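Here are the chains, one letter per residue:
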Amino acid sequence: MKLWVSLIVVSAITTTALGDFGGALVKGFYKESCPLAEEIVKHNVEVAVLKDPRMAASLLRLQFHDCFVLGCDASVLLDTHGDILSEKQATPNVNSLRGFEVIDYIKYLLEEACPLNRRRDSIKASFAGANQYIPAPNTSLEGLIINFKQQGLDIQDLIALSGAHTIGNARCVSFKQRINQPNMLQTFYVDEFKRHSTFRRILRSQCKDSSRDNELSPLDIQTPAYFDNHYYINLLKGRGLLISDNVLVSEDHEGEVFRKVWEYAVNQELFFLDFVESMLKMANINVLTGIEGEIRESCRFVNI
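Just so it is clear, the model here is predicted, and its values are computed rather than measured.

Participant: What's the story with the confidence of the model for the chain in this structure? I'm lost.
Facilitator: As a note on interpretation, predicted positions should not be read in detail where pLDDT is low. In the predicted model, the chain carries a mean pLDDT of 87, and the fraction of residues at 70 or more is 86%. Taken element by element, the predicted model of the chain shows its lowest mean pLDDT in helix H1 (residues 4–14) (49) and its highest in helix H7 (residues 155–162) (98). Across residues 18–22, where pLDDT falls below 50, the model places twelve contacts with residues more than four positions away in sequence or in other chains. For the stretch residues 184–193, pLDDT sits under 50, and the model shows 21 contacts to residues farther than four places along the chain or on other chains.

Participant: How should I be thinking about the state of the cysteines in this particular structure?
Facilitator: Formally, a disulfide is one covalent bond, and it connects the sulfur atom of one cysteine to the sulfur atom of another. Applying the stated criterion across every chain yields a total of three disulfides. In this model cysteine 34 forms its disulfide with cysteine 114; the gap between the sulfur atoms is 2.0 Å. Across the S-S bond of cysteine 34 and cysteine 114 the torsion is about 85°, and the bridge reads as right-handed. You can see cysteine 34 sitting in the loop between H1 and helix H2 (37–51) and its partner cysteine 114 sitting in the loop between helix H4 (100–113) and helix H5 (127–133), a full 80 residues away along the chain. Across this residue pair, the class does not change: cysteine 34 and cysteine 114 are buried. One disulfide in the model links cysteine 67 with cysteine 72; its S-S distance is 2.0 Å. As the torsion about the S-S bond is roughly 120°, the cysteine 67-cysteine 72 disulfide counts as right-handed. No difference in accessibility class separates cysteine 67 from cysteine 72, as the two residues are buried. For the chain, numbering the cysteines in disulfides from first to last along the sequence yields the connectivity 1-4, 2-3, 5-6.

Cut-offs applied
For every chain, the first residue of the written sequence is number 1, and numbering continues from 1 onward in sequence order. At least 70 in pLDDT is required for a residue's local features to be given in this predicted model, at least 80 for side-chain atom pairs to be given and counted, and no such filter applies to totals for whole chains, interfaces and linings, which use all residues. Just so you know, side-chain values use all the structure's heavy atoms and leave hydrogens and water out. Residue-level confidence of the predictor is what pLDDT reports, using numbers from 0 through 100. Numbering of helices and strands starts at the N terminus; helices are DSSP runs of H or I of at least 4 residues and strands are runs of E of at least 2. We call two residues contacting when some pair of their heavy atoms lies within 4.5 Å. Two cysteine sulfurs form a disulfide in these notes if their separation is within 2.5 Å. Residue exposure (1.4 Å probe, protein chains only): buried if accessible area is under 20% of the type maximum, exposed if over 50%, otherwise partly exposed.

This is the structure we're talking about:
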């Protein structure tokens, strides 16, 4: 099913908000105060993805990189200005994070329809936090589990949210270590046809030297344009693109993570359900409430 889950999730998260004095995120919060909010967001996300299919993955990644720093507070959208050093310049984000123009345009339309009627935004950014809390593409399984636990997310959330890598691309610089990594020791399929070696040869041909560091390769080599469960099937074959993908099966000595990967590989609907639940759970991380933060007039700058 082409990208429908990611579209639903992006639209749902963008149009949920807190009650007047905090509490859980509530879908349909704008039903009275801004009736067209959900339709504006949904329609324009769909248009953006139709124009650029990569945008679905980019918006999902933007959400992740926002929430894992100060919380889901739009701090990642702030440009460098005055005392603010933008998170956009941090190592995990610079020349990589994208989709800001789509957010800007949707924000413009929402302000036209319903001025200053939105969930609250941060009045600061954390360049240091972006460098510290966003997992690197070569993070170990233990490191990923610790990182997600710091955000209030459990192992199932880690495995489900990793499935976002069923769409999108990664730059060569993000998986160069993967090219020379030994074969995965724990895979479900017997590698009688040397698939692991063949896969690495394909990657090596794409990323021959540092001049190709910004060349892109699909995170899901089987069905890169579809939001499906092939990411997990790839993992069982040792064909995850990033080291931080493959560790879900290669470093799981207890078997808990491997079993969940296997469940998602054979049951796509289960993956869809868990992915949506974990995305919404992530969207609740350190949300600003009450009089905290502000409702920005522009996504890129704090209010004057």
